[in-house]
Amino acid sequence: MSPISRAPWAATSAALLAAAALLSAPSTAGAQQAPDGLGPFELEGFVITGTPVPRSATVVGSYVSILDGAELRTLGVTRVVDALRVVPGLAVVQSGSFGGQTSVFFRGSESDHTKVLIDGVAVNQAGGAYDYSGLTMANVERIEVVRGPASALYGTDAMAGVINVITRRGAGDASGSVSISGGTYGRLDWQADLHGGSESTSYALSLSELTTDGIYDFNNRHENTVLEGSLQHRADERTWLSFSGRYSDRSYGFPTNSAGEQVDENQFTYGSETTLNAQVNRLLGDRVQLSALAALYQWNGGTDDQPDSPADTLGFYQFTSLDNFRRAAAEIRGNVDLGASSVLSLGIELENEDQRSFSEYASSFGPGGDQTTYDRTNVGYYAHALGEWAALSGNAGLRVEDNEQYGTFVTYQLGAGYRFARTGTRVRGTLGTGLKEPTFFEAFAQGFTRGNPDLQPEKSLVWDLGVEQTFGSSGATASVSWFDQTLEDLIQYTGVPANPGDPNFYNVAKASARGIETEALLPIRDFFVGAGYTWLKTEVLDSGFDEGEGAVFVEGQPLIRRPEHTFTAEVGWRHDRGSVSTDLRYVGARSDRDFTTFPASPVELAAYVMWNAAADVRLTEAQGGRPGFTLRVGVENIADEVYEEVYGFRTPGRALMVGGRVDFGVSSPW
């Protein structure tokens, strides 16, 4: 289903890439507000991704979309990736069924050019890659999608933007819910949660599981179990602490080969993710806030493909791999209130990445395998300033990266906005640079493929301009943005190095991406109508080593799997006792490659239209000791559209989901 129905788009569209949510104060029920937002705060109406302290979404500089978790779940959205599909400027690519490798192309950039955060913890692999297939909506409070380069704050990977998944914070009397739904493709989803809080302490806990038999005839089961929670505590008037954690365990059986053909009876991938985040915030007087953060992300997973039968002894008939990746970070930041709604932030971040990999195979040519261990440390120093002066707002940020592998790099970001109060018009713009580090394999691989330790980070230069319009007190809004980004020093593989023993990876390719993003929302009493459109133009400026029309980079041609035109629309009705909504998404034609041939051949993925609908009705209210019950029905891909997001790989057809949720109150443990 579509996540479009939420607070007015333009009013909730804008964020300042000048600083971060990593050390922002946690939401605390009943908290007092310190000068200029340096103390505890309520999240409603504020943007926290990209700001050193919370700022109203209507005054800060760059373009951000805020997706409300509760509304998304009401519309039947169970996966974060489905919420992102309707965000202007984002193109989602899923390799086949539920649980298949899923990537997001942000404003036409590469899929590893976006920083992904869970409660402020970076979850990108070394080199920027992230598989979105395991992110569920079960305990999500909101998702903030920040456009534009954010390396001036977040360092590597934030070349095109930031996606921050923020989990629920408890407040008020203790309450909870249990929900379950089932439907097509053997889908069974359930969730149980508990949350609440007092003036000094709040908490939230959630356990959920998603299972499905998948869309293929055999070996396509997907299971994903997630446990997550958060705790906030106010020790005194000047000190507050926040903790959050998330653990997921998932598996995905895939019977397909690289051509999307069903050929393997027992091939599957597995993995577990852990994120931990601890923050301490202390007010030093009325104008200085000191914050400290410790964050950990760990991934353990791999692939297992045993022989299909005793007769399976030809070619490469057995393969097993296991990867362990850990990203640990510590950060200290000082926020100084300069008066007149201006804040200066100074910080230092220490981050270590290490990866251990193991693989083995059996083949008719004999057995083989490999073991590797990689490690690197980075120190980032940054300064950010932001301010508001009547109708004008602005920001500036600078970061120096000192990385033990690729040396020292500097990134910057500037932004400004101006509101014409009488007309309801606001103009904004940003300019900045970004970087993305090489993967460990690209830098250090040995054997048949040789890494290049002299690789430099990939870089971006991005600017955008936007106009937002509000129409009186009706809640109607509209916005339009123009962006332009250049991607340089893209890392490319060559199978034929110039000299024997030379590396296979070099910084050689270059590309550009520019486009227009528009969106509008019109609320009419209990009804709402929303629409969004993205026009995207990508072009390879330097193809590097690639040759031939089937190469991934072809000079003068667009980047693969990025649609030129994307359109979304939604109509809905909301009432105290329920809601009904329907949404339509058009994704234009995209170029791709058929990698089953050698050399690969160019193909075009046809345009498609996705039509969804959802309804929920509250049958009983939760009051006193009586629980409440809500019935939900949803249909995805109503027209049973046949389409591909990756050439050769099928996607789900029409799917029906029916379920319900029980809400209840419990005695507070505090």
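Residues numbered from 1 in each chain as written. Predicted model: local features only at pLDDT ≥ 70, side-chain atom pairs only at ≥ 80, totals over all residues. Heavy atoms only, no water.

(A) Just the overall build of the protein, in detail. The secondary structure content of the protein amounts to four helices and 33 strands. Taken over C-alpha atoms, the radius of gyration comes to 24 Å for the protein, in line with the 26 Å a tight globule of 670 residues would show. Out of the 670 residues belonging to the protein, those deemed buried represent 55%. Considering only residue pairs separated by 6 or more positions, the protein has 65% of its internal contacts joining residues 24 or more positions apart. Carbon and sulfur atoms make up 59% of the accessible area of the protein, which amounts to about 26,100 Å² in all. Mean positive and mean negative side-chain charge positions of the protein (49 and 82 charges, respectively) differ by 7 Å. (Helix = DSSP H or I, 4+ residues; strand = E, 2+ residues; numbered from the N terminus. Rg over C-alpha atoms; globule rule 2.2 N^0.38 Å. Buried < 20%, exposed > 50% of the residue type's maximum accessible area, 1.4 Å probe, protein only. Contact = heavy atoms within 4.5 Å. Areas by Shrake-Rupley, 256 points an atom, 1.4 Å probe, with all protein chains shown as cover. Lys, Arg positive; Asp, Glu negative; His and termini not counted. Charge placed at Lys NZ, Arg CZ, Asp CG, Glu CD.)

(B) View of the pattern of salt bridges. All told, the structure shown has 40 salt bridges when counted by the stated rule. Residue D157 pairs with K115 through a salt bridge whose shortest N-O separation is 3.9 Å. Placement of D157 in the loop between α3 (151-154) and β9 (161-167) and of K115 in strand β6 (residues 114-118) is noted, with a sequence separation of 42 residues between them. Since its relative accessible area comes to 3%, K115 is described here as buried. (Salt bridge = Lys/Arg side-chain N within 4 Å of Asp/Glu carboxyl O.)

(C) Here's a closer look at the sheet that holds β9. Strand order in this open sheet of five strands is β3-β8-β9-β6-β7, and the pairing throughout is mixed. Looking at strand neighbours, the two that pair on one side only are β3 (64-68) and β7 (121-122), the edges of this open sheet. As judged from the five bridges shared by β3 and strand β8 (residues 140-147), these two strands associate in the antiparallel manner. Its bridge partner being in β8, S65 is matched across the sheet by V145. (Pairing = 2+ DSSP bridges.)

(D) Focus on the packing of aromatic side chains. By the definition in use, this model includes 17 aromatic pairs. Taking 5.9 Å as the distance between ring centres and 65° as the angle between the ring planes, the aromatic pair formed by Y406 and F409 counts as edge-to-face. Here F409 falls in the buried class, since its relative accessible area comes to 15%. Ring geometry for Y608 versus Y643: centroids 4.1 Å apart, planes at 20°, classification stacked. One end of the pair, Y608, is in strand β31 (residues 608-620); the other, Y643, is in the loop between β32 (628-636) and β33 (655-665), with 35 residues separating them in the sequence. Taking relative accessible area as the criterion, Y608 reaches 3% and is therefore assigned buried. On the basis of relative accessible area, Y643 is assigned to the buried category, the value being 11%. Counting every residue linked through ring pairs, the aromatic cluster contains F316, Y361 and F365. It is R147 that lies over the ring of Y63; its NZ or CZ is 3.8 Å from the centre. The residue whose ring lies beneath R187 is F98, and the NZ or CZ to ring-centre distance is 5.3 Å. (Phe/Tyr/Trp six-rings, centres within 6.5 Å; stacked < 30°, edge-to-face > 60°. Lys NZ or Arg CZ within 6 Å of the ring centre and 35° of its normal.)

(E) A look at the confidence of the model for the protein. In this model, the protein carries an average pLDDT of 87, and 90% of its residues clear a pLDDT of 70 or more. Element-level mean pLDDT values for the protein span from 56 in strand β1 (residues 46-47) up to 96 in strand β12 (residues 201-212). Scored below 50 in pLDDT, residues 1-37 makes 196 contacts in the model with residues more than four places away or belonging to other chains. In this model, residues 39-45 is a region of pLDDT below 50 whose contacts with residues beyond four sequence positions or in other chains number 30 contacts. (pLDDT = per-residue confidence, 0-100.)

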